[in-house]
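# Commentary on secondary and tertiary structure
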Amino acid sequence: MGLDDIKRRIAAAEQAAGRSPGSVTLIAVSKVQPAERVEAVLATGHCVFGENYVQEAQEKWPGWRDRFPSVSVHMIGPLQSNKTRAAVALFDAIHTLDRMTLARKLAQQIDEQGRRPQLFVQVNTGDEPQKAGILADELPGFLRSCTELGLSPEGLMCIPPEGADPVPHFRLLRRLAQDHGLPGLSMGMSADFETAIAEGATHVRVGSAIFGARTYA
Ligand SMILES: *Cc1c(COP(=O)(O)O)cnc(C)c1O
């Protein structure tokens, strides 16, 4: 299994960056992976997982939570507004707060359910028209509106453009988080998590390097 290797590489990257051991949270991205691969990782005691689809997570996680009560499940995929109720009920963190309509629905559900998932605002650091996320220029206004709604995002998240050097994107995200006093930085995937740690990531989202390649049905 890739988990031990990834944990070693994270520890080495923390040390190389002069960061304290354990300062980076590894989110094991288990979307569309066969149950036995996820169970093998659960059996090691690892307890932070990432999912992309509300319905898939609803089918998988309630049963595993009963057996592994310390598990936390992070939503890292695009969240449709009509799935907000289910998302607030299910997830411990949502990394993809990316628009006002979603912020309003989340605020409403958080009030109604009395559950407060940790929130990250997704930033479209590459200004890509097809990609979700708040543009850097619009972030101050968006964060002000979140505050008015009673939401307190704890960090920022980005997915750098495909094929681009991720470093400028990680740096931009870090600077934006610093400007707004946000401690969390969700950045880095299988291909670039060590680079992300060097640039200050607090949460890395690693899927295929732990579980193997995903096969979509
Ligand atoms: C699937 C996914 C990941 C994990 O990707 P790998 O390349 O398999 O590590 C990380 N972040 C997001 C937002 C994803 O959708």
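These notes cover the structure that comes with them. (Residues numbered from 1 in each chain as written. Predicted model: local features only at pLDDT ≥ 70, side-chain atom pairs only at ≥ 80, totals over all residues. Heavy atoms only, no water.)

## Overview of the side chain of His203
Test applied: Elements are defined by DSSP. Helices are runs of H or I of four residues or more, strands are runs of E of two residues or more, and each kind is numbered from the N terminus. Residue contacts are counted whenever heavy atoms from the two residues lie within 4.5 Å of one another.
Its location among the elements puts His203 in strand E8 (residues 203-206). Residue contacts for His203: discarding those within four places in its chain leaves Thr25, Ile27, His74, His95, Gln118, Phe120, Leu185, Ser186 and Met187.

## Thoughts on the environment of Ser72
Summarising the element assignment, Ser72 is placed in strand E3 (residues 72-75). Here the alpha-carbon distance between Ser72 and Ala86, two residues 14 residues apart in the chain, equals 15 Å. Apart from the residues within four sequence positions on either side, Ser72 is in contact with Cys47, Val48, Phe49, Arg65 and Asp92.

## With respect to the pairing of strand E5 (residues 118-122)
How we decide: Type-normalised accessible area, obtained with a 1.4 Å probe on protein chains alone, sets the label of each residue: buried when under 20%, exposed when over 50%, and partly exposed for intermediate values. When DSSP locates at least two bridges between a pair of strands, those strands are taken to pair. Crossovers are marked right-handed if the path from the first strand over the helix to the second runs clockwise, as seen with the strands pointing away from the viewer.
Where burial is concerned, most of E5 is hidden: 4 out of the 5 residues are buried. Relative to E5, strand E4 (residues 93-97) runs parallel, the two being bridged by 3 bridges. Paired with Ile94 across the strands is Leu119, a residue of E5. Between the parallel elements E4 and E5, the chain passes through helix H5 (residues 100-113) in a crossover that is right-handed. Two elements, E5 and strand E6 (residues 155-157), share 3 bridges in a ladder whose sense is parallel. Among the inter-strand pairings, Phe120 is bridged to a residue of E6, identified as Gly155. Note that the unit made of E5, helix H6 (residues 139-148) and E6 has a crossover that is right-handed.

Structural measurements only, silent on function.
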